[in-house]
Amino acid sequence: MWPTDLYPISGTTGLESADYFAHGWVLEVYRVLFPYERAAVQFAAMALVSLVLLGTLQGRGSDAITTSRRSPVISTCIGLPSLLVVTVLVSAGYFIVGSSLGTFFGVIFVTIGAAVVPASAAIGFVALGQSIVSRLGQDRLWLGVLIGSLVFGLAGFSVPATVVVATLATMLGMGTIVRILFGPGGSTNPDERTVPPANKI
């Protein structure tokens, strides 16, 4: 008698097992952590993501932080529907991975979310951290990374606080990304004007 006869594995059961292995264990580990352990993990994770993001993007990363600080309300308002769209895409991709539509589109949607959401959160937290340190007379980017990561770490003492703070920071960062990618350019920026004044044409 084969092991599959003793423990039959259907397609759905196998899919659920793979799903638990891929996602369920992360939630389980997070839940069993002590509050100070969650705070340390969140601080380290945000600091790592922020450093990698800013180190990779360099100038564009600094521009994103500056844009977030100059108009946080506009970025947040734009980030709310943007975050909803990304959430829908990731959820759709998550559900169609094991469906008859195949894994191609599902992997693409999930990958987009896995790349955009952490980057947006990092931009939001660094912008928040730099806004805090600027009130103390400092305006250094590395201090923004440190304080922003510390804010996310302190939120780890409460799961609801983590959800609220992370959502707001992600909205701020995602709105900033949308503004940079799709914002108006050309003559709207005085430094980039190429058309002479009308009275000189």
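This structure is a prediction, so every number in the text was calculated from the model and none was measured.

Draft legend 1. Spatial organisation of the overall build of the protein chain. Helix and strand counts for the protein chain come out as eight helices and zero strands. The order of helices and strands in the protein chain, counted from the N terminus, is α-α-α-α-α-α-α-α. Out of the 201 residues in the protein chain, the part that is buried amounts to 26%. In the protein chain, the proportion of contacts linking residues at least 24 apart, taken out of those at least 6 apart, comes to 68%. Summed over all atoms, the accessible surface of the protein chain reaches about 13100 Å², with 71% contributed by carbon and sulfur.

Draft legend 2. Up close: helix α4 (residues 59-70). Compared with the 16 Å implied by 1.5 Å per residue over 12 residues, the 17 Å span of α4 between its first and last C-alpha is a close match. Every buried residue of α4 is listed here: Gly-61, Ala-64, Ile-65 and Ser-68. Along the axis of α4, the buried residues cluster in a sector spanning 95°; they form a single face. Those residues of α4 that are exposed and aimed more than 90 degrees away from the buried face are Arg-60 and Arg-70. Looking at the buried positions of α4, the neighbouring elements they touch are α3 (35-57), α5 (72-96), α6 (103-134), α7 (141-155) and α8 (159-182).

Parameters and conventions
- Residues numbered from 1 in each chain as written.
- Predicted model: local features only at pLDDT ≥ 70, side-chain atom pairs only at ≥ 80, totals over all residues.
- Heavy atoms only, no water.
- Helix = DSSP H or I, 4+ residues; strand = E, 2+ residues; numbered from the N terminus.
- Buried < 20%, exposed > 50% of the residue type's maximum accessible area, 1.4 Å probe, protein only.
- Contact = heavy atoms within 4.5 Å.
- Areas by Shrake-Rupley, 256 points an atom, 1.4 Å probe, with all protein chains shown as cover.
- Expected span 1.5 Å × (residues − 1).
- Arc of directions from axis to C-beta.

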